[in-house]
Structures are given as C-alpha cells and as structure tokens.
Amino acid sequence: MTTAAKAAKGVSISIRDVWKSYDRHAVLRGVRLDVDAGETLVIIGGSGEGKSVLIRQIIGLEQPDQGEIRLNDLTVAAYRALTMEEKPFHVSMVFQTSALLNSLTVADNVSLALREHRTAKLAEIRTIVRDCLEQVDLEGTEEKMPSELSGGMRKRAAIARALAMDSDLILYDEPTAELDPLLTEEVGALIRRIQERRRPTQVVVTHNLPLAGEIADHVAVLRRGEIVDYCTGEEFFHSQHPHTRNFLRAARVV
Amino acid sequence: MANVTQTAGSARPRSPGVVAAIGGGALDVLQVTGECVALLVATVWHCRSAPRHVAKIITQLTLIGTETLGIASLVSLFVGMVMVVQAADQLANYTQEVLGSLVGLAMTKELGPVIMGFIVAGKSGSAIAAEIASMNVYDEISALRTMDIDPVPFLSMPRFLAMTLALPMLVLYSDIIGIAGGTLVIAFDPTIAISVSQFLDNLREWLNFTDIVVGLVKGAVFGMLVSIIACAFGLRTTGGSEGVARSTTSAVVWSFVSIIIADFIIVRVAFLFFPSTPR
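What counts as what
Residues numbered from 1 in each chain as written. Chains lettered and ligands numbered in written order. Predicted model: local features only at pLDDT ≥ 70, side-chain atom pairs only at ≥ 80, totals over all residues. Helix = DSSP H or I, 4+ residues; strand = E, 2+ residues; numbered from the N terminus. Rg over C-alpha atoms; globule rule 2.2 N^0.38 Å. Buried ≥ 20, exposed ≤ 12 C-beta atoms within 10 Å, placed from the backbone. Pairing = 2+ DSSP bridges. Axes fitted to C-alpha atoms, helices over the stretch in contact; angles between N-to-C directions. Contact = placed C-beta atoms within 7 Å. Parallel < 35°, antiparallel > 145°, perpendicular 65-115°, else oblique. Left-handed = near helix turned anticlockwise from the far one by under 90°. Nonpolar A, V, L, I, M, F, W, Y, C, P; charged D, E, K, R; others polar. Arc of directions from axis to C-beta. Core = buried A, V, L, I, M, F, W, Y, C linked by C-beta atoms within 7 Å.

(A) Region of the structure containing the overall build of chain B. Scanning chain B from N- to C-terminus turns up nine helices and zero strands. Relative to the globule expectation of 19 Å for 279 residues, the C-alpha radius of gyration of chain B, 24 Å, shows a markedly less compact shape. Overall, chain B is about 85 × 60 × 35 Å in size when its C-alpha atoms are taken along their principal axes. Out of the 279 residues in chain B, the part that is buried amounts to 41%.

(B) Summary view of the environment of Val19 of chain B. Take Val19 of chain B: it is sitting in helix H2 (residues 18-46). On the neighbour-count criterion, Val19 of chain B (8 C-beta atoms within 10 Å) is exposed.

(C) Structural detail: the pairing of strand E4 (residues 66-71) of chain A. Residues and elements named next belong to chain A. As judged from the five bridges shared by strand E1 (residues 13-22) and E4, these two strands associate in the antiparallel manner. If you follow Trp19 over to E4, its bridge partner there is Gln66. By the bridge criterion, two bridges tie E4 to strand E5 (residues 74-75) in an arrangement that is antiparallel. Across the sheet, Arg70 pairs through a bridge with Thr75, a residue of E5. Turn length for the E4-E5 hairpin, with the two strands adjacent in sequence and antiparallel, is two residues, and the turn residue Asn72 shows positive phi of about 50°.

(D) Structural context of the sheet that holds strand E6 (residues 91-94) of chain A. Residues and elements named next belong to chain A. One open sheet accounts for six strands, arranged E6-E7-E8-E3-E9-E10; its pairing is mixed. In this open sheet, the two strands that pair with only one neighbour each are E6 and strand E10 (226-232). Between one strand axis and the next, the sheet turns by 15° as a mean value, whatever way the strands run.

(E) Highlighting the interface of chain A and chain B. In this complex, chain A contributes 14 residues to the contact, which on the side of chain B involves 10 residues. Elements that contribute at least two residues to the side of chain A that touches chain B include exactly E6 and helix H4 (112-117) of chain A. Top contributing element to the side of chain A that touches chain B by residue count: H4 of chain A, with four residues.

(F) Expanded view of the sheet that holds E4 of chain A. Overall, antiparallel pairing links the four strands, which are arranged E2-E1-E4-E5 (chain A) in an open sheet. A strand with exactly one partner marks an edge of an open sheet, and here the two such strands are strand E2 (25-35) and E5 of chain A.

(G) Region of the structure containing the pairing of E1 of chain A. Of the pairings in the sheet, the one linking E1 of chain A to E2 of chain A comprises eight bridges and is antiparallel in character. Bridge assignment links Ser14 of chain A to a residue of E2 of chain A, and that residue is Asp34 of chain A.

(H) Up close: the packing of helix H8 (residues 209-235) of chain B against helix H9 (residues 240-273) of chain B. Residues and elements named next belong to chain B. One way to put it is that H8 packs onto H9 with a least axis distance of 9 Å and a crossing angle of 150°. On the basis of their axis angle, the class for H8 and H9 is roughly antiparallel. The two elements H8 and H9 meet at a crossing, and its hand is right-handed. Contact residues: H8 offers Val214, Val217, Lys218, Val221, Phe222, Leu225, Val226, Ile229, Ala230, Phe233 and Gly234, while H9 offers Ser247, Ser250, Ala251, Trp254, Ser255, Ser258, Ile259, Ala262, Asp263, Ile266 and Ala270. Grouping the constituent residues of the contact of H8 with H9 by class yields 15 nonpolar, five polar and two charged.

(I) Structural context of helix H7 (residues 196-206) of chain B. Residue and element names in this part refer to chain B. Considered for burial, the residues of H7 that qualify are Phe199, Asn202 and Leu203. In an axial view of H7, the angular spread of the buried residues amounts to 100°, which keeps them on one side of the axis. H7 presents Ser197, Arg204 and Glu205 as exposed residues on the side facing more than 90 degrees away from its buried surface. The inward-facing, buried residues of H7 contact helix H4 (99-137) and helix H6 (151-188).

(J) Molecular detail of the nonpolar core. Of all hydrophobic cores here, the largest spans 136 residues; its most connected members are Ala160 and Ala164 of chain A. When sequence neighbours within four positions are dropped, the list of residues in contact with Ala160 of chain A reads Val110, Cys132, Leu133, Gln135, Val136 and Leu138 of chain A.

In short, shape yes, function no, at least from these values alone.
Structure below.
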C-alpha cells in the first residue's frame, strides 16, 4: 500500500466564536462549529455569506479577528508554524479555481509538495502520483499541462494533489462550481469514495444541495456570517429552519 | 435651516482634497517600497537554498535570454549607429577622432546598462509580474502556502538570481553590439572623416576595465531591482484580470524609475572610488 492509499487519521475541528471583517464589514459573526475526525461536513450558504472565508480561516490562509480555530489540540496558528516534518497531520485544500500551477505538468502538480519538501524518493513519488491519479480516474494524464485538461479533470487533478499529501483534512471550496451535472456527479462520487476508502475529515463548501445530501455526514447552513442551521445529511432535506427551507425551495429540491 | 440640516445629514461622499490625494499617494509609494525591501531581504536570505533550485534558475535565465536577446541586439546596434551619426555631425567642425572613446564610454557606462535594464524590465519584468499576479488571482499562491511552500524561494529567488546574472551578460553583449554598430557606420558612411582603425584605437586608448566593470555592476543592480519589483507587484495583486493588468503596468513603471534613480546613485558612488582623471 502506498502513502496515498493509506487510511487517513482524520482531524477534529473546533471553531469558537470566530469573527472576520473586511473594511469594517463583518463577514463572519461569531461562528461556532465542531467537526468530528473522519466526518464530512458540508457548509451551505448563499453567495457572499462567508463560506469560503470560513475555510480560509480553517486552513490558516487568513487569521480571524477574534475567536479561535483548533485542529485536534493545535490552534491553526500553532499548526502553521510547524515544519512539514513536525506536523502531526496534513491539511490540504481544493480551490474553486483548482489552482493547479499552469507551468507544471499534471504529475509535477500532484507531486509538488513531495518534491519541494523531499519527503519521498523519486521512484516513490512516481508511484504515489500514479496511485493518486488512478484514484481520481486521471491515469495517463501525467505529462499533460493543466491547460489541456477540462474543468472536471482539473478539479480531479487538484483532488489528486491533496491525496498525494496524504491529507487527514481536506477542504473543498466549491468543488463543483462551473461543472455540468454529469461532472458534478463525478466529483461528488469521488469525494464520497475518498471518504469511504481513507476516512479523512472533509469540509465541503458548496451551493449544490443535491451534492450536499449525497456526501454530507452533517450540514451547516451559513447565513450573514452565522451558522443558522446544523443537521445531519439525512435531516437536511426535512429541516424546518425557514432559511434552509427557502434555500431548498429555491433550488427546487423540495 | 431645514435645507442646511438636510445637507449636513445627507453624508454624500466628498472627493479627497489635493493634500489628502498627495498624502495617499506618498503612503502608497512608501508601502510599495517597504514591501519591495522586505521581499529583497527575504529573497537574499533564501539565496542560500539556490543549489536546490538550479533547474529553476537555468529555466529563468533561458527565458530572459530568449525573450530579450533579439530586441537587445536590434536596439544596441541602432543606438551605436545613431550615436556615431549624431556625434560625427556635431564634431564635424572640430575633430571626429574622439568618436571611438565617445561611443565606447557611452555604451559601456550608461547606454548599455540602462537600455538593457529597460528592455529586461519591459519584456521579462512585465512577464514575471503578470505570471505571479495571475498565480495570485487564481489562488495558485494560496495553494503553495497550503502546501507549506514559501513563494519567496519557490518563485522570487530563482527569478532574482537569474535576472541578476542575466543582465550583466546582456550589458556586455549590448556594449559589443553597440560598438559594432558604431564601427559599421564609420566603415560605410563617406561623410565621416576617420577610419575604422582610428575609431578603434581611440576606443582602446580611452576605455578601461573599470568602465566596463561599472557598467556590469549597474546591470546586476538593475537586474535585482527589476526582478524584485516584478515579484513584489505580482504578489500584492488583487482584483482579478484588471488587477493583473494594473500590477504589470505598475511593475514596469516602477522598474524604469528605479533604474534611473539607481543609475544616478551608482554613478555618484563610482566617482567617489574611481574619479575621472585626465588621460
């Protein structure tokens, strides 16, 4: 079994009273949320409600103005301060834009962290890349450039990059944005497959309600920077919260 | 009275006054300068990891070479040629024997470094700023950070070293091509009274090693400035494709201005150590 195919440890997330403002406009207003190790949480919310901002705080790309986020026992700031070798677990993010480096091939993108941190030998890296691309059904694309891939393939390559890091926590920012329904289904199936095979903690930000119902252990509904509804994936479609009902009705899910 | 109260309460945004606009502009300049200095320090610090990034440095060197060599040849050739034509005309009533030293010194000490600095800023500096700005806008820099890959050694350091090495080489090349251009005009223009050998003898008599070295040092300093400014503007980009365009333009303008300022400072310092003495 290669590094990429190992079961992940899963990371618990504890978000306590997190506030974040831009130009005096509060985007997050005291968010409190817990995610258990190994579960998939889907964050639902309208545009500009603070979903992407929240996951950028979780991975440490931005710091909250107030409040604290802990990954297992470590604050995000303490986690970010550790070197790659010191980190007790790995966190990665799949961006809305896929964020593949356009100057690198797919294989080089997938293996980027491994090569830069020299955490594996060259032959081992090749095996990991092959395994990860296999897991996302992108075999044979190793030498392609990102510009030669379709939107769905780019998303899957970005997921392969997260898998190559042997991530215990994977954050997805709108993983199905700008994808057609078939590709959306493909990416949803892939997230579910990763969950079944490796059990990492996954946090998925999306507008796509059917996808949420399909992959979520829990769903959190974010409105005006606050979590207004929190339920299991099964309960979500029967939620009685007025905002969730409106959302479901607008998406013609109920 | 009612009207006065209404006007006071309507809180219509006022356009900033002249003083506020100048102050804001000055603060922006200070902020960008600070960011460039901070990036320079971080980049120089990360140069110790250069042996690990040799492939990236060579790739950047090749890019800079292929992007600029053609235009550098053309511009240097014609600058050398036009300088001889202009100077020969001005010196027609005096002596044209000084043409060799004039072209040689102007090319090696001033025109070669400054022209190459401008060309590299316009071609490679803008390309670097646009590339890094796009990476920033499309979250590629954020992706690097999530993988614990510092953009300074990954992006800035190889470009900094490549440009610092490339520019002196381009300056030397420009010196040679410029002098060759001048020589061509001397050889084929019947209105010029001196021969090619007189031109080259005068050049050899007046041009010394220090002049060439000062030009090469200028090239290295301009390379540092252009690369750091391009990377700094790329890294501070926000606001989508419009932001990419703004950063690219600003990087080129800042590079041009900083090249001219640095040129003046280097000349002043060089004259302190190597004063021009009558020969």
